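For reference, the chains in residue letters:
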Amino acid sequence: MQSPRARSRIGNNPPANAHTLFDIIRGTLTQAIASGELKPGDKLPTEQQLAEEFGASRPTVNKAVTSLAHDGLVIRRKRAGTVVLAQSAFWLPVLDASRYVRDRGQSYRHEILSRIEGRIGRDGLSWPELGVGTPVIAMECIHFCDALPIQHERRLINLMTVPEAAEASFDTTPPGLWLLGHVPWSASEHRIGAIGAGERLAALLGVKKGTPCLGVHRVTRHRGTPLTAVTLTSPAGRFFLEGADAPLDDKA
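Source: prediction; values computed, not measured.

**A few points about the packing of aromatic side chains**
Okay, so step 1: Under the criterion given, the structure shown has 2 aromatic pairs.
Okay, so step 2: Geometrically, the ring pair formed by Y100 and F239 is tilted, given 4.3 Å between the ring centres and 35 degrees between the ring planes. With Y100 in helix α5 (residues 97-102) and F239 in the loop between β9 (225-235) and β10 (244-245), this residue pair connects regions lying 139 residues apart in the sequence. Of the two residues, Y100 and F239, neither departs from the other in class, the shared state being buried.
Okay, so step 3: Ring centres 5.5 Å apart and planes at 80 degrees place the aromatic pair F170 and W178 in the edge-to-face group.
Okay, so step 4: Sitting above the plane of the Y100 ring, R104 keeps its charged end 3.6 Å from the centroid.
Okay, so step 5: Across from the ring centre of F144, 3.8 Å away, lies the NZ or CZ of R109, which sits over that ring.

**Overview of the packing of helix α2 (residues 21-35) against helix α4 (residues 58-70)**
Okay, so step 1: Relative orientation of the contacting elements α2 and α4 amounts to 40 degrees, with a least axis distance of 9 Å. One finds that α2 runs oblique with respect to α4. As for how α2 packs across α4, the hand of that crossing is right-handed. For the pair α2 and α4, the contacting residues are L21, F22, I25, R26, L29 and T30 in the first and T60, V61, K63, A64, V65, S67 and L68 in the second.
Okay, so step 2: Grouping the constituent residues of the contact of α2 with α4 by class yields 8 nonpolar, 3 polar and 2 charged.

**Concerning the pairing of strand β5 (residues 135-145)**
Walk down a regular strand and you will see the side chains alternate between the two sheet faces.
Okay, so step 1: Among the 11 residues of β5, 11 are classified as buried, and the element is accordingly described as predominantly covered.
Okay, so step 2: Pairing of strand β4 (residues 108-119) with β5 involves 11 bridges; the strand directions are antiparallel. Counterpart to I112 in the pairing with β5 is C141.
Okay, so step 3: With 10 bridges connecting them, β5 and strand β6 (residues 148-158) associate as antiparallel partners. Bridging from a neighbouring strand, C145 pairs with L148 of β6.

**Side note on the nonpolar core**
Okay, so step 1: Ranked by size, the top nonpolar core spans 17 residues in total, and within it I25, L44, V61 and V74 carry the most contacts.
Okay, so step 2: For this core, the elements supplying multiple residues, two or more each, are α2, α3 (47-54) and α4.
Okay, so step 3: Counting residues in each nonpolar core, the second largest holds 16 residues, with V162, A168, L179 and V183 among its members.

**Describing the sheet that holds strand β8 (residues 212-222)**
Okay, so step 1: The 6 strands are arranged β4-β5-β6-β9-β8-β7 in an open sheet whose pairing can be described as antiparallel. The two strands at the open ends of the sheet, each matched to only one other strand, are β4 and β7 (187-196). Strand-to-strand, the axes of this sheet are offset by a mean angle of 15 degrees, without reference to chain direction.
Okay, so step 2: In the packing of helix α6 (residues 175-182) onto the sheet, the strands contacted are β5, β6 and β9, and the crossing angle to β6 comes to about 50 degrees.

**Side note on the layout of surface pockets**
Okay, so step 1: Put simply, the second largest pocket is a space of about 250 Å³.
Okay, so step 2: Only β4, β5, β6, β8 and β9 provide two or more residues apiece to the lining of the second largest pocket.
Okay, so step 3: Its residues assigned to classes, the lining of the second largest pocket comprises 9 nonpolar, 4 polar and 5 charged.

**Quick look at the pattern of salt bridges**
Okay, so step 1: The full count for this structure, using the stated rule, is 9 salt bridges.
Okay, so step 2: The partner of R76 in a salt bridge is E47, and the shortest N-O contact between them spans 2.3 Å. One end of the pair, R76, is in strand β1 (residues 74-77); the other, E47, is in helix α3, and 29 residues separate them in sequence.
Okay, so step 3: Look at R76 and you get partly exposed, because its relative accessible area is 33%.

Conventions adopted
- Residues numbered from 1 in each chain as written.
- Predicted model: local features only at pLDDT ≥ 70, side-chain atom pairs only at ≥ 80, totals over all residues.
- Heavy atoms only, no water.
- Phe/Tyr/Trp six-rings, centres within 6.5 Å; stacked < 30°, edge-to-face > 60°.
- Helix = DSSP H or I, 4+ residues; strand = E, 2+ residues; numbered from the N terminus.
- Buried < 20%, exposed > 50% of the residue type's maximum accessible area, 1.4 Å probe, protein only.
- Lys NZ or Arg CZ within 6 Å of the ring centre and 35° of its normal.
- Axes fitted to C-alpha atoms, helices over the stretch in contact; angles between N-to-C directions.
- Parallel < 35°, antiparallel > 145°, perpendicular 65-115°, else oblique.
- Left-handed = near helix turned anticlockwise from the far one by under 90°.
- Contact = heavy atoms within 4.5 Å.
- Nonpolar A, V, L, I, M, F, W, Y, C, P; charged D, E, K, R; others polar.
- Pairing = 2+ DSSP bridges.
- Core = buried A, V, L, I, M, F, W, Y, C linked by side-chain atoms within 4.5 Å.
- 1 Å grid on protein atoms, 1.4 Å probe; cavity = no way out; pocket = protein on both sides within 12 Å on 5 of 7 lines; lining within 4 Å.
- Points joined across faces, edges and corners; volume = space filled by probe spheres on them.
- Salt bridge = Lys/Arg side-chain N within 4 Å of Asp/Glu carboxyl O.

In structure tokens form, the structure reads like this:
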């Protein structure tokens, strides 16, 4: 049976800057999977239901869902429908701060502190997985819940795999949400720990120096190729992560 969660949430958050129905369908489904709205083991609505929901033709829907299967995000089964695949034994959603805030009915905004285009090994940029000279975007942002700063972000985007990011301003759509809607990914790795806020970070987040913070370093890949690396830091109590043991395929 189709998941009630799947039917009720798909289409509520169409991706920014999508130009075709294929982009909208693919981007919306990708966002729903990446953010945890659709969890491993959930079934997608049927192609007919998706066609009606998005006002698209069946061939367009089929093309979008097939592209997700090609990227390893879903599996298509005869008579059983299309099922979201688990990416690891422990599943942790790629949760974007803007959705985190809006899901709580509060006002979100972000502020870009810096953005540069440079190359690894130069311009003070380092990413051990990428070769010297690889072009990247380096960004620093602050995310707000109402007037309260809840998260500091430092991000590198690999322009060899995401060249379209060079044309994105990220002024209205934060980089994490933009990437969820535009870039296929097949795996993410997280390193999570507690850190104390240094002087500059404390000032940006409006806390005292040394305040305990949740630190998350995440690398997102597509078929082994790094797409983006981000470090997210939130004062204790202002941002929470939730995960779960991924359902086995035979539970779908």
